[in-house]
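Residue strings, one per chain:
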Amino acid sequence: MNSSILTIENLNVYFDVFGGSVSAVRGLNLTLDHNESIGIIGESGCGKSTLSYTIMRYLAPNSRVTGKVMFREDNLLEKTEQEILAFRGNRIAMVYQNPYSSLNPALTIGFQLDEVTRFHQKASKEKAREKSIQALTSLNMGDPEGLVKRYPHQISGGMQQRVCIAMALLCQPDLMILDEPTTALDVTTEAVILDLIRDLKDKYAMSLMYISHDIGVINKVADRIVVMYSGEIVESGPNEELFAHPHHPYTRALINCIPREGLVKENFRLNTIPGYVKQRGTDEGGCPFAERCSMKVAGCIERYGMREVGEKHAAACDRAYAADVADSFAKLKVSRSKQHADHTKPILEVQDLYKHFGKKRKIYAVNGVSVGVERGTVLGIVGESGCGKTTMGQTAVGLYTPSKGRILFNDTDISVSWKKRSPEMLKQIQFIFQNPGRSLNPSHTVEQIISRPLKKLMGISSREERKTRIIKMLEQVGLSEEYLSKKSSHLSGGEQQRVAIARAFCLSPGLIICDEPTSALDVSVQSSVLNLLGDLQAETLAAYVFISHDLHVINYISDYIMVMYLGRVCEYGTREEVMQPPFHPYTEALLSSVPEIDPSQKKRKIRLGGQLPDPAKKIRGCPFAGRCHMQIGTICETQPPPLVKFSDTHSLSCHLDFPDAVREPAGEATG
Amino acid sequence: MNFTFMIIKRLGSLVVTLVVMSVVIFLLVEIMPGDVAEMILGQSATPESLEALREERGLNDPVFTRYLRWAGGLLQGDLGESIYMRGVPINTLLWRRVGHSMLLALTAFIIFVPLSIFLGIVAGVKAKKTADSIISFLGLATMALPEFVSGVFLISIFAVQLRIFPIISVIPIGESVFSNLDILILPALSITFVMFGYVSRMQRSSMIQVMNSDYIRAAMLKGMPRRYVILRHALKNAMLPTITIIGMNMGWLFGGLIVVETLFAYPGMGSLLMTAIRTRDVPLIEACVLLITVVFAVSTLITDVMYGFLNPRIRFQGDVQ
Ligand code: SF4
Ligand code: SF4
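> Please explain the overall build of chain A as it appears in this structure.
On a plain count of helices and strands, chain A comes out with 22 helices and 26 strands. Radius of gyration (C-alpha) of chain A: 26 Å, near the 26 Å computed for a compact globule of 671 residues. Taking all 671 residues of chain A together, 58% fall into the buried category. Across chain A, contacts joining residues at least 24 apart in sequence account for 67% of those joining residues at least 6 apart. Counting every atom, chain A has about 27,800 Å² of accessible surface; 50% of that belongs to carbon and sulfur.

So this is what it looks like as structure tokens:
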């Protein structure tokens, strides 16, 4: 018997659109063996999702498909609507990016699980329920009997995704397609789910097709990586080889875009890929990456095409390290001095800050945080969703007023709403948010957007003068003068974020609060935004508070790092101090959960069980107690941990016994 | 907060709404030119007789006292007396009419709600296909026609040409509406005409939205047949917004009732209110408007309860983890 589960031959998918047709997948060949797991990586618009929906035969009516998709002996493309039902959810199952929206809000979890076996195995109601409960139990979910009676919105995101995985497993499929299943989850949850997926693959001898934009995630679950660009496979090979010796310039460029261990802003710029992925018409051929490729030479287009370049390793081009053109990657090494930091006095000082929401059901978002940000430095705040990092930032900007505690900016008390702050203060503190599309007025032109604060806060009344400044600022963020008259809704995500950055910097602020500024962007765009933020900071000496869930990004950009959990500071120190032992147990767990970009790196595995405690609950002891892998005993639950100081800058709160450290008893717990 | 508690809270706010509305209605009628005494005496009024009548009826009391008296009466079920009909208690007039209107509204409801929801769903499922075009065209066409136009249109076809239904919907003296049910059909149809376009369009768009949602895609990719996915996964969610819209448009339905009842000379509350307004029968206007408010508020409440019933996210609010 043929051991391959899935064989795709010369697959083309076109979409008929207004005025022609575009090609979403082109000339794609792929084989997936029994019990093999491949990861498909690519940025948005590269056709990876279209590929999975083509396999599932779930494409919009304006699509045309040619080629072969062989699932064992069946060509899925030739099946009728009726016949394909027997494959979907039965032999081929799928798990999606957003578990919350993939579960029907109006039906119980049990009902949604049961129907799978009721349809595919003609199971009776009781039998189906029994199987559903079995599937939930096999994923180590507590209280499956109770769970089946609940509705999706009553359980956490991590649980929802496990329900979705259980649903996919019910008929023990031969192939499971996972489309960014952990992108919406926290790193610690992600780590647990990824382990689970790996285990299940072997337990049920399934083949996996794992789609993601995150090469680190793919490393954890896949044996082989397939890189897609603009609907074509450009390279495929075993993880380690692909990472160590990429052959296609795009693969190499992509890997170098990603912030990872050892890359910090003082020594490295991240690689960027100019331009963007183009929708290709059906008649265009040749190398899809040609327009953005730095290795391009006159003759390379003719030679383009998939070839074996090593064992199980194929690439459409092998010029990643070609010697006949100057290697642009060499320029990435830089040395940016750190001299401009002023250690004498913090520009921003947060003193014992509390922020609670709600009246009856109090949510304790921030619980006694004290921290200072020095002039010209970057404070990175990292933590999972619900840790209070965003509330912190928004309180500093003045979107909220503190419930208790003070915020000082250059010794001025700014613990008030932004409406009550002086124009000078508003100018000094700027912010950049995650979703540039939402923070910029879509119907305003770029000029209007940047012009407004210039007029209101800088008092520049002459339109000409404002315009000259804006043009200069746009140049600094890498946008040309043409952008002046463009509406923000017509810009790409990366361009919008550049406009937001330009708006913030044109006021020469002393402090910029960046709340997840790159997490909605593709890696190649993220890297250019991070480079830009690094450059601008070196030029203007502004200080940043940089909030992110992504430890690699935080590590790249920050001078100081603060790790937060449940509204409290777990650990604070310089980047080196926080990223190296001694660790706070939570920092350690976070670091071990982060998917490693480089597959040869192996690290200690710490998996957090449980979930964040209810934010409305008052906590007496250590907030991390209950999930902590180092927990000492009841002392952790009943007594607030002391502050353990290792140096002037490095401190953490934990009951653990660290040698050579000064301990200070904890202050009042929650107020 | 659980569902029962929510209902109790809504009941509380319903009472508040009614109190506020009764004040508003009272004050509105208050600022209308002329007072009750002038209306009663009409042409024969002299300053002395007016004054005497005002004194007798307590019209010279402060507004607040008069409001309390009126509201107090309402609470005891006394709606006052009609002026135009020379002192007939409104209670004897109104309730029969209300019954008639309810019956008409109910008939219309039974026709248009299932019809528009069903056709809306069909249009949504078959979006951009022929069936959808036909339904959408029908919806737009009927929506554009005001009740009196569609009413006349219906009359000329079914009553004048085909002679299936009576031209006007009067109830012969001494008979009850129940022995004359055929008179309900044409008025109910003209109300259906107005509501259909609106409700079916709403249903269509929410159906399309639901069919494009992630969870419908997930259900389809679990290998469920399309018909089953539509019935079990899509319907419940797709009907939520429609129910709200229907509930919110009860007022509109009443507006329609007034016109249609007048057109067909149907003895309902709408035509009573029209008569009251024409004859400036203040207590009767007050009673009618207040009643419409009650119906409106209650139907909103029912809508919310239904909504909560269909939507577990409302029913189980608060125990989200
Ligand atoms: S074929 Fe040429 S343009 Fe395309 S990736 Fe290779 S070197 Fe670059
Ligand atoms: S105090 Fe205890 S529970 Fe908290 S981090 Fe330290 S060891 Fe873990």
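Now, onward.
> Before we go on, may I ask you to explain a nonpolar patch on the surface in this structure?
On the surface, a cluster of nonpolar side chains totalling about 460 Å² of accessible area is made up of B:Val16, B:Val20, B:Val24, B:Leu28 and B:Ile31. Among the residues examined, B:Val24 registers a relative accessible area of 35% and is labelled partly exposed.

> What's the story with the site of ligand 2 in this structure? I'm lost.
The immediate surroundings of ligand 2 are formed by A:His584, A:Pro585, A:Cys622, A:Phe624, A:Ala625, A:Cys628, A:Met630, A:Gln631, A:Cys636, A:Cys654, A:His655 and A:Leu656. Along the lines of polarity and charge, the residues of the shell around ligand 2 split into nine nonpolar, three polar and no charged.

> Would you mind going over the pairing of strand E16 (residues 378-382) of chain A with me for this structure?
For a regular strand, the rule is simple: side chains alternate between the two faces of the sheet. Residue and element names in this part refer to chain A. Buried residues dominate E16, accounting for five of its five residues. Side chains Val378, Gly380 and Val382 project from E16 onto one buried face, and the interleaved Leu379 and Ile381 project onto a second face that is buried too. As paired strands, E16 and strand E21 (residues 543-548) are joined by five bridges and run parallel to one another. From the neighbouring strand, Val378 faces E21, where its bridge partner is Tyr544.

> Hey, could you run me through the packing of helix H4 (residues 109-120) of chain A against helix H10 (residues 226-248) of chain B in this one?
Where H4(A) contacts H10(B), the two axes come as close as 13 Å, and the packing angle between them is 160°. Compared by their axis directions, H4(A) and H10(B) come out roughly antiparallel. The interaxial crossing formed by H4(A) with H10(B) has right-handed handedness. Contact residues: A:Phe111, A:Glu115, A:Arg118 and A:Phe119 in H4(A); B:Tyr228, B:Arg232 and B:His233 in H10(B). Each residue belonging to the contact of H4(A) with H10(B) can be placed in one class, and the counts come to three nonpolar, one polar and three charged.

> Looking at this model, I keep getting lost on the interface of chain A and chain B. Mind explaining?
Think of interface size as the accessible area that goes away when the parts come together; that is how it is often given. Every contact between the two is made by 32 residues of chain A and, on the other side, 23 residues of chain B. Counting each side, the surface lost to burial between chain A and chain B is near 2,700 Å², with a carbon and sulfur contribution of 56%. Considering only the surface of chain A that becomes buried against chain B, A:Tyr58, A:Phe119 and A:His153 emerge as the three largest contributors, covering 21% of it. Of the charged contacts in the structure, one is a salt bridge between B:Lys222 and A:Glu115, with a shortest N-O distance of 2.8 Å. Secondary structure elements with two or more residues in the side of chain A that touches chain B: helix H3 (99-102) and H4 of chain A.

> Please clarify how the sheet that holds strand E5 (residues 74-75) of chain A should be interpreted in this entry.
Within a sheet, adjacent strands bond to each other through the backbone by hydrogen bonds, running parallel or antiparallel. All names here are of chain A. Taken in spatial order, the five strands make up an open sheet running E5-E4-E1-E2-E11, and their pairing is antiparallel. Strands at the two margins of the open sheet, each flanked by one partner only, are E5 and strand E11 (280-281). With two bridges joining them, strand E4 (residues 63-71) and E5 adopt antiparallel strand pairing. Residue Met70 lies in a different strand from E5, and its bridge partner there is Asn75. Its contacts with the sheet place helix H1 (residues 48-55) against strand E1 (4-17), strand E2 (20-33) and E4, and it is angled at close to 110° to E1.

> Before we go on, may I ask you to explain the site of ligand 1 in this structure?
Around ligand 1, the surrounding shell consists of A:His248, A:Pro249, A:Cys287, A:Ala290, A:Cys293, A:Met295, A:Lys296, A:Cys300, A:Tyr304, A:Cys317 and A:Arg319. Within the shell around ligand 1, the residues separate by chemical class into eight nonpolar, one polar and two charged.

> Looking at this structure, I do not really get the packing of aromatic side chains. What am I missing?
The description of an aromatic ring pair rests on the distance of the ring centres and on the angle between the ring planes. Counted by the stated rule, this structure contains 19 aromatic pairs over all chains. Measuring from centroid to centroid gives 5.0 Å for A:Tyr565 and A:Phe624, while their planes differ by 75°, and the two rings are edge-to-face. Of the two residues, A:Tyr565 sits in strand E22 (residues 560-565) while A:Phe624 sits in the loop between helix H21 (585-593) and helix H22 (634-638), which places them 59 residues apart along the sequence. Plain terms: the ring middles of B:Phe158 and B:Phe165 are 6.3 Å apart, the flat faces sit at 55° to each other, and that makes the pair tilted. Within the aromatic cluster, the residues linked to one another by ring pairs are A:Tyr229, A:Tyr250 and A:Phe289. When the ring centre of A:Tyr354 is taken as origin, the NZ or CZ atom of A:Lys404, which lies over that ring, is 4.4 Å away. Here the guanidinium or amino end of A:Lys486 rests over the ring plane of A:Tyr483, the centre of that ring lying 4.4 Å away.

> Explain the pattern of salt bridges here, please?
Between side chains of opposite charge, a pair can form when the charged atoms approach closely. All names here are of chain A. Summed over the entire model, instances satisfying the criterion amount to 28 salt bridges over all chains. The salt bridge partner of Arg198 is Asp223, with a shortest N-O separation of 3.2 Å. Of this pair, Arg198 sits in helix H8 (residues 187-203) while Asp223 sits in the loop between helix H9 (215-221) and strand E9 (224-229), and the two are 25 residues apart along the sequence. Classification of Arg198 by relative accessible area gives partly exposed; the value is 27%.

> Any chance you could explain the packing of helix H5 (residues 90-125) of chain B against H10(B) here in plain terms?
For any two helices packed against each other, the geometry comes down to the angle between their axes and how far apart the axes lie. Residues and elements named next belong to chain B. It is at 11 Å that the axes of H5 and H10 come closest, and there the two elements cross at 130°. Here H5 is positioned oblique relative to H10, judged by the angle of their axes. Relative to H10, H5 is oriented so that their crossing is right-handed. Residue-level contacts link Phe109, Val113, Ile117, Ile121 and Val125 of H5 to Arg226, Ile230, Leu235, Met239, Thr242 and Ile246 of H10.

> For this particular structure, what's the right way to read helix H17 (residues 493-505) of chain A?
Residues and elements named next belong to chain A. Here H17 contains 13 residues, and its C-alpha end-to-end distance of 18 Å stays within 8% of the 18 Å for a straight helix at 1.5 Å per residue. Where burial is concerned, most of H17 is hidden: eleven out of the 13 residues are buried. Every buried residue belonging to H17 is among Gly494, Gln496, Gln497, Arg498, Val499, Ala500, Ile501, Ala502, Arg503, Ala504 and Phe505, and all of these are buried.

> How should the sheet that holds strand E20 (residues 511-515) of chain A be read in this particular structure?
Residue and element names in this part refer to chain A. The mixed open sheet is built from nine strands, whose spatial order is E19-E20-E21-E16-E22-E23-E25-E24-E26. With one partner strand each, in any of the chains shown, strand E19 (429-432) and strand E26 (662-664) form the two edges of the open sheet. Averaged over all pairs of adjacent strands, the angle between strand axes in this sheet comes to 20°, irrespective of strand direction. Lying over the sheet, helix H12 (residues 389-397) contacts E16, E19, E20, E21 and E22, oriented at roughly 150° with respect to E20. Each of E19, E20 and E21 touches H17; the most contacted strand, E19, lies at about 180° to it.

> Would you mind showing me how to read the environment of A:Val373 here?
Residue and element names in this part refer to chain A. Of note, Val373 is situated in strand E15 (residues 363-375). We classify Val373 as buried; its relative accessible area is 2%. With 23 residues separating them in the primary sequence, Val373 and Val350 have C-alpha atoms 8.6 Å apart. Leave out the neighbours within four places in its chain, and Val373 touches Pro346, Ile347, Leu348, Leu379, Ala543, Tyr544 and Val545.

> I tried to follow the side chain of A:Asn104 on my own but got confused; where do I start?
With respect to the secondary-structure elements, A:Asn104 resides in the loop between H3 and H4. In terms of polar contacts, A:Asn104 uses its side chain to reach the side chain of B:Asn237, at 2.7 Å. The residues touching A:Asn104, leaving out its near neighbours within four places in the chain, are A:Gln112, A:Pro152, B:Tyr215, B:His233 and B:Asn237.

> Sorry, what's going on with helix H3 (residues 47-57) of chain B here?
Residues and elements named next belong to chain B. Within H3, burial applies to Leu50, Leu53 and Arg54. When H3 is viewed along its axis, its buried side chains cluster within an angular range of 100° and face the same direction. Projecting away from the buried face of H3 at angles above 90 degrees are the exposed residues Glu48, Glu55 and Glu56. Turning to H3, the residues buried within the fold contact helix H2 (36-41). Taken from the residues just after H3, Gly58 is the one with a positive phi, measuring 75°.

Cut-offs used in this document
- Residues numbered from 1 in each chain as written.
- Chains lettered and ligands numbered in written order.
- Predicted model: local features only at pLDDT ≥ 70, side-chain atom pairs only at ≥ 80, totals over all residues.
- Heavy atoms only, no water.
- Helix = DSSP H or I, 4+ residues; strand = E, 2+ residues; numbered from the N terminus.
- Rg over C-alpha atoms; globule rule 2.2 N^0.38 Å.
- Buried < 20%, exposed > 50% of the residue type's maximum accessible area, 1.4 Å probe, protein only.
- Contact = heavy atoms within 4.5 Å.
- Areas by Shrake-Rupley, 256 points an atom, 1.4 Å probe, with all protein chains shown as cover.
- Patch = residues over 30% accessible without salt bridge, like charges linked within 9 Å, V, L, I, M, F, W, Y side chains within 5 Å.
- Salt bridge = Lys/Arg side-chain N within 4 Å of Asp/Glu carboxyl O.
- Near = heavy atom within 4 Å.
- Nonpolar A, V, L, I, M, F, W, Y, C, P; charged D, E, K, R; others polar.
- Pairing = 2+ DSSP bridges.
- Axes fitted to C-alpha atoms, helices over the stretch in contact; angles between N-to-C directions.
- Parallel < 35°, antiparallel > 145°, perpendicular 65-115°, else oblique.
- Left-handed = near helix turned anticlockwise from the far one by under 90°.
- Buried area = accessible area lost by both parts, 1.4 Å probe.
- Phe/Tyr/Trp six-rings, centres within 6.5 Å; stacked < 30°, edge-to-face > 60°.
- Lys NZ or Arg CZ within 6 Å of the ring centre and 35° of its normal.
- Expected span 1.5 Å × (residues − 1).
- Polar contact = N/O pair within 3.5 Å; in protein donor to acceptor, adjacent residues only side chain to side chain.
- Arc of directions from axis to C-beta.

What is shown is where atoms sit, not what they do.
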